[in-house]
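# Breakdown of the fold
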Amino acid sequence: MTIRRATLADVPAMLVEMKAFNAHERIPWTARRGGPALRRLIGDGDLGVVLVATRGRPATLAGYALVTWGFDLEWNGRDAMLTELWVSPSARGAGVGGALLAAAQVAAKRGGAAAMHLMVRHGNRSARALYDRAGFVAPGRLLLTRPLRGRR
């Protein structure tokens, strides 16, 4: 398995996997609207980092992680949000999720982030176990969101 920064050449395969991720998470999403945002994130390191895990020959996408930057005085500056981590169903159980999570944390540290945040559904036991093993804890506060313009 190889983990590396995504390039624009990865976008078509990523959009297929992103469709599966968003369906799994029950998030309304379309590649038509999400594709431009993904391309922008890949092309602009000031926004964050996109990582892909590939395996096999020829290399196929096994999963991906999206990290975006924030800024918070609680962390004295930059923090990071792991906005998506997805492992293709055919690659599950092979350590791809743990490797992507570790690589995302390294990328966040290298990017100057003092903390990494993420959201996970309460019922997603396998993801919760992965994040628990990696030392993520609930901060005792509730994340609330209000869209400021059209949802998607």
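Here's what I pulled together on the structure shown here. (Residues numbered from 1 in each chain as written. Predicted model: local features only at pLDDT ≥ 70, side-chain atom pairs only at ≥ 80, totals over all residues. Heavy atoms only, no water.)

## Things to note about the overall build of the protein
Within the protein one finds four helices and five strands. When the helices and strands of the protein are read in sequence order from the N terminus, they spell out β-α-α-β-β-β-α-β-α. On C-alpha atoms alone, the protein measures out to a radius of gyration of 15 Å, which is about the 15 Å that the 2.2 N^0.38 rule sets for 152 residues. C-alpha atoms of the protein, sized along the principal axes, occupy 45 × 35 × 30 Å. Looking at the protein as a whole, 36% of its 152 residues are labelled buried. If you sum the accessible surface of the protein, you get close to 9700 Å²; carbon and sulfur atoms cover 55% of it. (Helix = DSSP H or I, 4+ residues; strand = E, 2+ residues; numbered from the N terminus. Rg over C-alpha atoms; globule rule 2.2 N^0.38 Å. Buried < 20%, exposed > 50% of the residue type's maximum accessible area, 1.4 Å probe, protein only. Areas by Shrake-Rupley, 256 points an atom, 1.4 Å probe, with all protein chains shown as cover.)

## Some words on the side chain of Ser88
Here Ser88 is to be found in the loop between β4 (77-87) and α3 (96-110). If we skip the residues at most four places from it in the chain, Ser88 touches Glu17, Leu61, Ala62 and Gly63. (Contact = heavy atoms within 4.5 Å.)

## Comments concerning the pattern of salt bridges
Inspection of every chain in the model, using the stated rule, returns three salt bridges. The residue Glu25 makes a salt bridge to Arg121 at a minimum N-O spacing of 3.0 Å. Highlighted residues: Glu25 in the loop between α1 (11-24) and α2 (31-43) and Arg121 in the loop between β5 (116-118) and α4 (125-133), separated in sequence by 96 residues. With relative accessibility at 17%, the residue Glu25 sits in the buried group. By relative accessible area, which is 23% here, Arg121 ends up partly exposed. Measuring nitrogen to oxygen at the nearest pair gives 3.1 Å for the salt bridge that ties Glu74 to Arg141. In this pair, Glu74 sits in the loop between β3 (60-72) and β4 while Arg141 sits in the segment after α4, placing the two residues 67 residues apart along the sequence. (Salt bridge = Lys/Arg side-chain N within 4 Å of Asp/Glu carboxyl O.)

## Things to note about the environment of Pro147
In this fold, Pro147 is placed in the segment after α4. Along the chain, Pro147 and Gly45 lie 102 residues apart, while their C-alpha atoms are 24 Å from each other.

## Here we look at the nonpolar core
Within the largest apolar cluster, 24 residues are counted, with the highest numbers of intra-cluster contacts made by Val67, Leu82, Met116 and Tyr131. Here this core gets six residues from one element, more than from any other, and that element is α3. In contact with Met116, other than residues within four places in its own chain, are Val67, Ala80, Leu82, Ala104, Gln105, Ala108 and Phe136. Among the nonpolar cores identified, the runner-up in size contains 15 residues, and Val11, Ile42, Leu66 and Trp86 belong to it. (Core = buried A, V, L, I, M, F, W, Y, C linked by side-chain atoms within 4.5 Å.)

## Quick notes on the packing of aromatic side chains
Taken as a whole and judged by the stated rule, the model has three aromatic pairs. When the centroid spacing of 6.5 Å and the interplanar angle of 70° are considered together, the rings of Phe21 and Tyr64 count as edge-to-face. One end of the pair, Phe21, is in helix α1; the other, Tyr64, is in strand β3, and 43 residues separate them in sequence. Residue Phe21 is classed as buried on the basis of its relative accessible area, which comes to 7%. An aromatic cluster of three or more residues is present, and its members are Phe21, Tyr64 and Trp86. (Phe/Tyr/Trp six-rings, centres within 6.5 Å; stacked < 30°, edge-to-face > 60°.)

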